[in-house]
Amino acid sequence: MLGRLNHVAIAVNDAEKAARIYGSLGADISPAVPLPEHGVITVFVTLPNTKIEFIQPLGETSPIAKFLERNADGGIHHICYEVPDITVARDLLIKEGARVLGDGIPKIGAHGKPVLFLHPKDFSGALVEIEQA
Ligand code: CO
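Cut-off values and rules
Residues numbered from 1 in each chain as written. Predicted model: local features only at pLDDT ≥ 70, side-chain atom pairs only at ≥ 80, totals over all residues. Heavy atoms only, no water. Donors = N, O, S within 2.8 Å, 3.2 Å for Na, K, Ca; no water. Tetrahedral: all angles 85-135°; square planar, octahedral: opposite > 155°, others 65-115°. Helix = DSSP H or I, 4+ residues; strand = E, 2+ residues; numbered from the N terminus. Buried < 20%, exposed > 50% of the residue type's maximum accessible area, 1.4 Å probe, protein only. Salt bridge = Lys/Arg side-chain N within 4 Å of Asp/Glu carboxyl O. Phe/Tyr/Trp six-rings, centres within 6.5 Å; stacked < 30°, edge-to-face > 60°. Core = buried A, V, L, I, M, F, W, Y, C linked by side-chain atoms within 4.5 Å. Patch = residues over 30% accessible without salt bridge, like charges linked within 9 Å, V, L, I, M, F, W, Y side chains within 5 Å. Areas by Shrake-Rupley, 256 points an atom, 1.4 Å probe, with all protein chains shown as cover.

### Describing the coordination of the cobalt ion
Then step 1. Coordination of the cobalt ion by the protein is provided by His7 (NE2), Glu53 (OE), His78 (NE2) and Glu129 (OE), with metal-donor distances spanning 2.1 to 2.4 Å.
Then step 2. One can describe the donor arrangement at the cobalt ion as irregular, given that its four donor atoms subtend angles of 86 to 172 degrees at the metal.
Then step 3. The sequence motif formed by the donor residues of the cobalt ion is H-x45-E-x24-H-x50-E. With His78 in strand β6 (residues 75-83) and Glu129 in strand β9 (residues 128-132), this residue pair connects regions lying 51 residues apart in the sequence.
Then step 4. Under the relative-accessibility criterion, His78 is labelled buried at 4%.

This is the structure:
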């Protein structure tokens, strides 16, 4: 059920600037992509076994604005695991008492695939994203 680590997301004020140092080590860096539905701009750094997702606030009500108020220099924001079927995973997690953020309906994430976010209190203090692989 639980698949690969898809990415580790780091919230920053400038995603392209943050990714630059990875480029100096030869990592593949994506262009900046605005995701208005999620209130962020993303830049992905592709590593051999996973990705780093830099997220920058987009719009007045960005869900990462508060995080950046508390962490002015940026910081690790969430980790994303792949699952084969997001609604099956969601229903199993709800049955176990885990809290799904938002309305519980998967949204299309940065890779064009359905994603959901899970409450950090149910995952040892880490915000978790699941993405249908
Ligand atoms: Co993510």
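### Concerning the pattern of salt bridges
Then step 1. Per the stated rule, a full pass over the model turns up three salt bridges.
Then step 2. The residue Glu82 makes a salt bridge to Arg4 at a minimum N-O spacing of 2.9 Å. Taken together, the residues span a long stretch of sequence, with Glu82 in strand β6 and Arg4 in the segment before β1 (5-11) at a distance of 78 residues.
Then step 3. Ionic pairing is found between Arg99 and Asp122, a salt bridge with its closest N-O pair at 2.9 Å. Taken together, the residues span a long stretch of sequence, with Arg99 in the loop between α3 (86-95) and β7 (107-108) and Asp122 in the loop between β8 (114-118) and β9 at a distance of 23 residues.
Then step 4. The exposure class assigned to Asp122 is partly exposed, which follows from its relative accessible area of 27%.

### Side note on the packing of aromatic side chains
Then step 1. All told, the structure shown has one aromatic pair when counted by the stated rule.
Then step 2. Ring plane angle 70 degrees and centroid distance 5.5 Å describe the contact between Tyr22 and Phe54, whose orientation is recorded as edge-to-face. Taken together, the positions of Tyr22 in helix α1 (residues 15-23) and Phe54 in strand β5 (residues 51-57) put the pair 32 residues apart, joining distant regions of the chain.

### A short note on the nonpolar core
Then step 1. Core analysis: the largest hydrophobic core is formed by nine residues, namely Val8, Ile10, Val12, Ala15, Ala19, Val43, Val45, Ile52 and Phe54.
Then step 2. Taken together, the elements giving at least two residues each to this core come down to β1, α1, β4 (40-46) and β5.

### Observations concerning a nonpolar patch on the surface
Then step 1. Side chains of Met1, Val88 and Leu92 sit close together on the surface and give an oily, nonpolar patch of about 270 Å² of accessible area.
Then step 2. With respect to the helices and strands, the residue Val88 is situated in helix α3.
Then step 3. A relative accessible area of 38% means that Val88 is categorised as partly exposed.

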